[in-house]
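Structural overview for review
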Amino acid sequence: TIPSVNITAPICQCNITFCPVSCKSRICLIPRGAVTFADKSVACSSAGGILGIVYNNQAGFCNGTLSSASDIPMFCTSDNYGAALVKVGGTGVNFTVNSAVQRYTLDQGTSFAVPHVSGGAFLLWNK
């Protein structure tokens, strides 16, 4: 079975490679870059963090790979959501991450594009 995550805690701001000990029992907010997602997971977990959120360092969403097992749930989000979390994260407010963890893959190619292109063409044709 695929586990679900329902964690409520304050956010702790980390830097690209390190999470402070003040992250104990908190959600680690980590900017993307410099080291692997697996290393970011270890940094958060080693500081006592209970969940990691990596936010993108460029426009748009990120799609990272852990490449190894993680002791804590890890998520990745966009630069915009990351900036919003950074802005209010230092207020001590509790945040809840409530997500049914599912395994998705990112694929590409004409087989994946055809339904979207043909659907778009249908909508334009019948306008």
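In what follows, the structure referred to is the one given above.
Criteria and thresholds
Residues numbered from 1 in each chain as written. Predicted model: local features only at pLDDT ≥ 70, side-chain atom pairs only at ≥ 80, totals over all residues. Heavy atoms only, no water. Disulfide = S-S within 2.5 Å. Helix = DSSP H or I, 4+ residues; strand = E, 2+ residues; numbered from the N terminus. Core = buried A, V, L, I, M, F, W, Y, C linked by side-chain atoms within 4.5 Å. Buried < 20%, exposed > 50% of the residue type's maximum accessible area, 1.4 Å probe, protein only. Contact = heavy atoms within 4.5 Å. Arc of directions from axis to C-beta. Pairing = 2+ DSSP bridges. Right-handed = clockwise from strand over helix to strand, strands pointing away.

A short note on the state of the cysteines
In the structure shown here, the tally under the stated rule is 3 disulfides. Through a disulfide, Cys12 is tied to Cys23; the S-S separation comes to 2.0 Å. Handedness here is read from the sign of the S-S torsion; for Cys12 and Cys23, about -70 degrees, the answer is left-handed. Remark: Cys23 occurs in the loop between β1 (4-13) and β2 (27-31) and Cys12 occurs in strand β1; sequence separation between them is 11 residues.

Quick word on the nonpolar core
Formed by 13 residues in total, the largest nonpolar core has its most connected members in Cys14, Cys19, Cys23, Cys28, Ile30, Cys44 and Val54. Of all the secondary structure elements, the ones that give two or more residues to this core are β2 and α1 (37-46). Residue contributions to this core peak at 3 residues, all from α1. Other than its neighbours up to four places away in sequence, Cys14 contacts Cys19, Pro20, Cys23, Cys28, Leu29, Ile30 and Pro31.

Here we look at the environment of Phe95
Along the chain, Phe95 falls in strand β5 (residues 94-100). For the pair formed by Phe95 and Pro10, sequence separation is 85 residues and the distance between their alpha carbons is 5.8 Å. With sequence-adjacent residues up to four places away left out, Phe95 is seen in contact with Ile7, Thr8, Ala9, Ile11, Ile27, Leu85, Val88 and Gly89.

Let's talk about helix α2 (residues 79-89)
Regarding α2, the residues found buried are Gly82, Leu85 and Gly89. Buried residues of α2, viewed axially, fall in a sector of 65 degrees; they line one side. Facing away from the buried surface of α2 by more than 90 degrees, the exposed residues are Asn80 and Lys87.

Regarding the side chain of Thr77
Tracing the backbone through its elements, the reader meets Thr77 in strand β4 (residues 74-77). The contact partners of Thr77, leaving out residues within four places of it in the chain, are Ile53, Val54, Tyr55, Asn56, Phe61, Cys62 and Gly82.

Brief notes about the pairing of β2
With respect to burial, β2 is a largely interior element, 5 of its 5 residues being buried. Residues Ile27, Leu29 and Pro31 point to one face of β2 and Cys28 and Ile30 to the other, with burial holding for every one of them. As defined by bridge partners, β2 adjoins strand β3 (residues 51-55) across 5 bridges and the pair is classed as parallel. Counted as the bridge partner of Ile30 is Val54 from β3. In terms of handedness, the path from β2 via α1 over to β3 forms a crossover that is right-handed.

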